[in-house]
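# Structural overview
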Amino acid sequence: MSLRRPFLWLAGLSLFGLVLLLPHDQSLDAQLPTRAVALGDGFQGLTHSGPDASVDEFLGLFVEPTAIEAIFRWSTPTQRWESWIRGLPGPLQSVQQVNQNTPLLLRLNRPTTYVAPPQSYAAGTWDVDPAFSALAFLGVGPVPVTDALAALATPDAISAVFRFNNETKGWDVFNPLLPPSLNSLQTLNQFDALLVRVASSVNWPFGAFDPGAEEVGARLQVALLTEITGPLAELVIGVQRGAELARDHVNAAGGVNGSDMVLVLADLGAGDPVGATRAIVDAGPVSALIGPLRSGHVREVFAAVAEPEGLPLITPAGTASDLTDLDGADLLFRTVPANAVYLAYLLNTAGVEQVAIFYDESSSPIADALQDNFDGTVTRVAYTPGGASYAAEIAEVAAGGAVAFVAIGTPDDARVFLPDALALGQFTRFFFDAELRDDSLFADLADPALNGARGVSSPAGPSQAAFDAAYVAAFGEEPGVFSRESYDAVIALAFAAERADATDGIAIRDALRAVAGPPGTVVVAGAAGIADGLARIRAGETVNYEGAASSVDWDANGDIDPAPEIWEVQEGTIVTIAP
């Protein structure tokens, strides 16, 4: 197969595509592990790994098919871009079918998830002629780019490798002539869609790929139940990244029971948590569930799917107290405290009877849990981050008459809404969630009315520092809400499956407490800590995983109960007052 055309620019973005037919055994399809790719809005690169499909069949692989506005594919024979545009009559659509392992560029109007079983195929070679050429990387990654190129008969033929970055909407680049630190593309992952600049003809080999060759059920596959679409989409980023970082740490250490762990995303944002979860479980095999984020969804999914199917469910954000009494089969666990959020504890012990809750709209699970577990009366208003003024919203939440103001949001937003709240003159007591534990915020405001204001934070997990460092290194930003909790859930499941030497849900459940509580050798978060833990389990040792968010010492109800940190603002400075 020859590829001669350099990449072009369309709508301000460089695009690529390749029609490629590879043989596969259709009889294996039902046994193959699911591949799930979370996609944001705007332009997104994707390699279709499923079988050859019509456009309608291809769109059916997305959790939200209507999120796809356009499909772009480079046609080698015609040297032109072919496209499918939603709403155009059929005769005007130049893309009628999407073939296996076709690199695509999609235009989305909102985030969604692509879910398809990867297909098996025989080994082969792509013949790539000089110029810019597009292909999908079919090796099993992550693989350093230098290693991938070293496998070529003439590695010097490749003068540059480009990969479209779905988050930045730009290209990550590897240039062999540049120092390694200057290359934004360092590793290749399976099904990466690539653009390569070729100086002379080269044969690019790809090995046989047969995911169905493993015994069915031998691979640990875990479903992450989030809300990729809907009002919690921003919150989900941190949850998803925490889970993916844990998966990467596990797989870098050899995976579970000799196979890579697979994380499958289920989008509950359309308002049917049971249906979305059922679809992922039925596509299986799924060994365990992580999520959902809302306590109400935890109740529904546990009763309708997890308990009947015998699947352990670990929620990183379900904080409602009544979840403690929900489980009769010892399948429900959580990596977040059962006493709702710590704010409820703080307010109830402070003798507050009426509160005004002002919260970032993405933090509605925290506001829900606070309202569910606070003993008094609540007036609440959500705000949209990034506003220039919140005076109208502050007036709305103050209309209930509360003198106690509870803030759940970011320090940047608080620099705007706290002066609005102070200017109103109604609020005399202030309480803050963990994210507002920011010394510079109160030093900058320097308002005497905030003296004595109190906040509450999760206590630092035993391995929080190691996790935070790994998260920042991987994503370039601090962990988000429930990032640590989702990481701990994935690690606990991986350790339990390794100890049980099984991917059966009940076997994993029975091993969870044995790997996440005393006695045993303490292991911590981070790539090195997880590798150490897995090695010890394989050697027959007992480990005690001390998590990034907490010690993960589950009681008989699957709950944890770490003591919170309570802090107070004193003359513009944050002072810890308990424990």
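The sections below set out a description of the structure shown in this document. (Residues numbered from 1 in each chain as written. Predicted model: local features only at pLDDT ≥ 70, side-chain atom pairs only at ≥ 80, totals over all residues. Heavy atoms only, no water.)

This brings us to the overall build of the protein. In terms of regular secondary structure, the protein is built from 14 helices and 32 strands. For the protein, buried positions account for 54% of its 579 residues. Relative to all contacts within the protein whose residues are 6 or more apart in sequence, the contacts with residues 24 or more apart total 72%. (Helix = DSSP H or I, 4+ residues; strand = E, 2+ residues; numbered from the N terminus. Buried < 20%, exposed > 50% of the residue type's maximum accessible area, 1.4 Å probe, protein only. Contact = heavy atoms within 4.5 Å.)

To continue, consider the sheet that holds strand 31 (residues 565-570). Spatially, 25-24-26-27-28-31-32 is the arrangement adopted by the 7 strands of the open sheet, whose pairing is mixed. For this open sheet the edge positions go to strand 25 (377-383) and strand 32 (573-578), each flanked by a neighbour on one side alone. Here the strands of the sheet are splayed against their neighbours by 25° on average, with no regard to which way each runs. The pairing of strand 31 with strand 32 spans 5 bridges and is antiparallel. Bridging across to strand 32, Glu-568 finds its partner in Val-575. Lying on the sheet, helix 7 (residues 364-373) is in contact with strand 24 (354-360), strand 25 and strand 26 (404-408); it crosses strand 25 at an angle near 175°. (Pairing = 2+ DSSP bridges. Axes fitted to C-alpha atoms, helices over the stretch in contact; angles between N-to-C directions.)

Moving on, we come to the packing of helix 11 (residues 464-475) against helix 12 (residues 483-500). Working note: a packed helix pair is described by the angle between its axes plus the distance between those axes. Across the interface, helix 11 lies against helix 12 with an axial gap of 11 Å and an inter-helix angle of 100°. By the criterion of interaxial angle, the relationship of helix 11 to helix 12 is roughly perpendicular. Along its contact with helix 11, which presents Gln-464, Phe-467, Asp-468 and Tyr-471, the element helix 12 presents Ser-483, Arg-484 and Tyr-487. Residues belonging to the contact of helix 11 with helix 12 are distributed by class as follows: 3 nonpolar, 2 polar and 2 charged. (Parallel < 35°, antiparallel > 145°, perpendicular 65-115°, else oblique. Nonpolar A, V, L, I, M, F, W, Y, C, P; charged D, E, K, R; others polar.)

Going from Gly-291 to Pro-292, the amide bond is cis rather than trans, its omega being -10°. Topologically, Pro-292 is positioned in the loop between strand 21 (288-290) and helix 5 (295-309). Geometrically, the link from Pro-518 to Pro-519 is a cis peptide bond, its omega value of 0° lying close to zero. For Pro-519, the position within the fold is in the loop between helix 13 (505-515) and strand 29 (521-524). Positive phi, normally seen in glycine, also occurs at Lys-169, with a value near 60°. Positive phi values are uncommon outside glycine, yet Phe-191 reaches one of about 75°.

Further remarks concern the environment of Ala-157. Mapped onto the fold, Ala-157 is located in the loop between helix 2 (145-150) and strand 14 (158-165). Along the primary structure Ala-157 and Ser-201 are separated by 44 residues, whereas in three dimensions their C-alpha atoms are 6.9 Å apart. Not counting residues up to four positions away in its chain, the partners in contact with Ala-157 are Arg-197, Val-198, Ala-199, Ser-200, Ser-201 and Val-202.

The sheet built from 5 strands is open, its strands ordered 20-19-21-22-23 with parallel pairing. Single-partner strands in this sheet number two, and they are strand 20 (262-267) and strand 23 (332-334). Averaged over all pairs of adjacent strands, the angle between strand axes in this sheet comes to 25°, irrespective of strand direction. Bridging between strand 21 and strand 22 (residues 313-315) involves 2 bridges; their strand directions are parallel. Residue pairing in the sheet places Leu-289 in a bridge with Leu-313 of strand 22. Contacting strand 19 (221-226), strand 20 and strand 21, helix 4 (residues 273-283) crosses the sheet at an angle of about 150° to strand 20.

The next thing to look at is the packing of helix 4 against helix 5. Closest axis-to-axis distance for the helix 4/helix 5 pair is 9 Å, and the angle between their directions is 30°. Put simply, helix 4 runs roughly parallel to helix 5. The hand of the helix 4/helix 5 crossing is right-handed. Contact residues: Pro-273, Val-274, Thr-277, Arg-278 and Val-281 in helix 4; His-297, Glu-300, Val-301, Ala-304, Val-305 and Glu-309 in helix 5. Among the residues making up the contact of helix 4 with helix 5, the classes are represented as 6 nonpolar, 2 polar and 3 charged. (Left-handed = near helix turned anticlockwise from the far one by under 90°.)

Nothing here speaks to function; it is all geometry.
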